[in-house]
Amino acid sequence: MPYPYHISDINKRATDDPKGFAEECEAIYNRKVNEAAASIFERIPMCNVVLLSGPSGSGKTTTAQKICDAINKMGIHAHTVSMDKYYLSRDPETAPRTSDGEYDFESPHCLDLELLDKHIDELSRGNEVIIPHFNFNTQKRDSEGEFPLKLSSDEIVIFEGIHALNDLLAEDHPEAFKLYISARSDIVNDGDIYFKRTWTRLLRRVVRDDFFRGMGAERTLGMWANVRDGEKQYISPFKYKADLLFDSSMAYEVPIMKKFAQDAITAIPGGARREEELHSVRPILMEFAEIDSKHVPKDSILREFIGGGIYDR
């Protein structure tokens, strides 16, 4: 279990030496990235496929790309493929539904699991596959954005997505290296949990959706209950099947996210669905010192949520 962060320590470091605090946190993160890359490297003779899973807001995309960079430095060429590319074209007749009849966007059955399974097998054998493309604007699969992929003996691929470790997929590939990533550390005050780890991911989602997806905090909150239900049903039960558990939280994160999140929260209209949940976080955010985002390096996982990074989201 990861150690919790202490708000008193966070605020002292954020006030006294924000630049040094940020550099220290990023160095710890990069050390974990290098350790994950080394573990994957050791398994390459047995399998050239990695399955990386984690709930929403975990930083899967950036971490997968950072691991690829670390593996490339070891002389092994690494690719990363988002499992979002394998979404099925939405069909009202066959789309999975929640108990209240709404589309179940969190269900693994939204993915073309059969094609994913086939591609993992083919890539493991050294055969070429065509990675599909899903157009989120039209909610349909299309040919634009497809690309071929074939692995030689000195190449690996990381498939990253929320359902990468679900038994519906991973059970057929016991040889694959399995990695689970999430913000797993709480922030405590006088021994009590003060800022929950799930709030870290919620802040990330609120800020990212506001910046890059045209979704205000109100809409993100409206989806959050279904997101959390999906995690408990489809993601969390499989995390301990991972070869490695990766904590993507950083001690200096809340002081960085504070201003961005407060702006998004302030814009929530009165009476919005689940408004109370995020507004309850706001006074706690006020207790954190603030760190200017100029101290966040371009390759940081935090750039996945606040922008300005070197990796594609």
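See the structure shown above.
Remember, predicted model here, so these are calculated numbers, not experimental data. Every chain is numbered independently, its residues counted from 1 as its sequence is written. Only residues with pLDDT of at least 70 get local features here, since the model is predicted, and only at 80 or more are side-chain atom pairs given and counted; chain-wide, interface and lining totals rely on the full set of residues. Only hydrogens and water are removed before side-chain values are computed, so all heavy atoms of the structure are retained for them.

Caption draft 1: Representation of the pattern of salt bridges in the model. Any Lys or Arg side-chain nitrogen found within 4 Å of a carboxyl oxygen on Asp or Glu counts as a salt bridge. Enumeration over the complete set of coordinates arrives at 14 salt bridges. Put simply, Arg43 and Asp243 hold a salt bridge, and the shortest N to O gap is 3.5 Å. Remark: Asp243 occurs in the loop between α7 (217-235) and β10 (244-247) and Arg43 occurs in helix α2 (residues 18-43); sequence separation between them is 200 residues. Type-normalised accessible area, obtained with a 1.4 Å probe on protein chains alone, sets the label of each residue: buried when under 20%, exposed when over 50%, and partly exposed for intermediate values. Taking relative accessible area as the criterion, Arg43 reaches 19% and is therefore assigned buried. Note on Asp243: relative accessible area 40%, which makes it partly exposed. A run of DSSP states H or I qualifies as a helix once it reaches four residues; a run of E qualifies as a strand once it reaches two. Both are numbered from the N-terminal end.

Caption draft 2: Layout of helix α3 (residues 60-72). A helix is expected to span 1.5 Å for every residue after the first. Across its 13 residues, α3 extends 18 Å between first and last C-alpha, which sits within 8% of the 18 Å expected from 1.5 Å per residue. Among the residues of α3, Lys60, Thr61, Thr62, Thr63, Ala64, Gln65, Lys66, Ile67, Cys68, Ala70 and Ile71 are the ones counted as buried.

Caption draft 3: Summary view of the nonpolar core. Judged by nonpolar contacts, the single largest core of 52 residues is most densely connected at Ile67, Ile156, Phe195 and Tyr252. The biggest single contributor to this core is α2, with 8 residues. Setting aside anything within four residues of it in sequence, one finds Ile67 in contact with Val33, Ala36, Ala37, Ile40, Leu52, Ile158 and Leu179. Buried Ala, Val, Leu, Ile, Met, Phe, Trp, Tyr and Cys residues that are joined via side-chain atoms within 4.5 Å together make up what is termed a nonpolar core. In this structure, Leu51, Leu169, Tyr234 and Phe238 belong to the second largest nonpolar core, which totals 31 residues. Note on contacts: a residue pair qualifies if any of its non-hydrogen atoms lie within 4.5 Å across the two residues.

Caption draft 4: Representation of the sheet that holds strand β1 (residues 5-6) in the model. As summarised here, the arrangement of the 3 strands in space is β1-β8-β9, forming an open sheet in which the pairing is mixed. With one partner strand each, in any of the chains shown, β1 and β9 (192-195) form the two edges of the open sheet. When DSSP finds at least two bridges between two strands, those strands are taken to pair.

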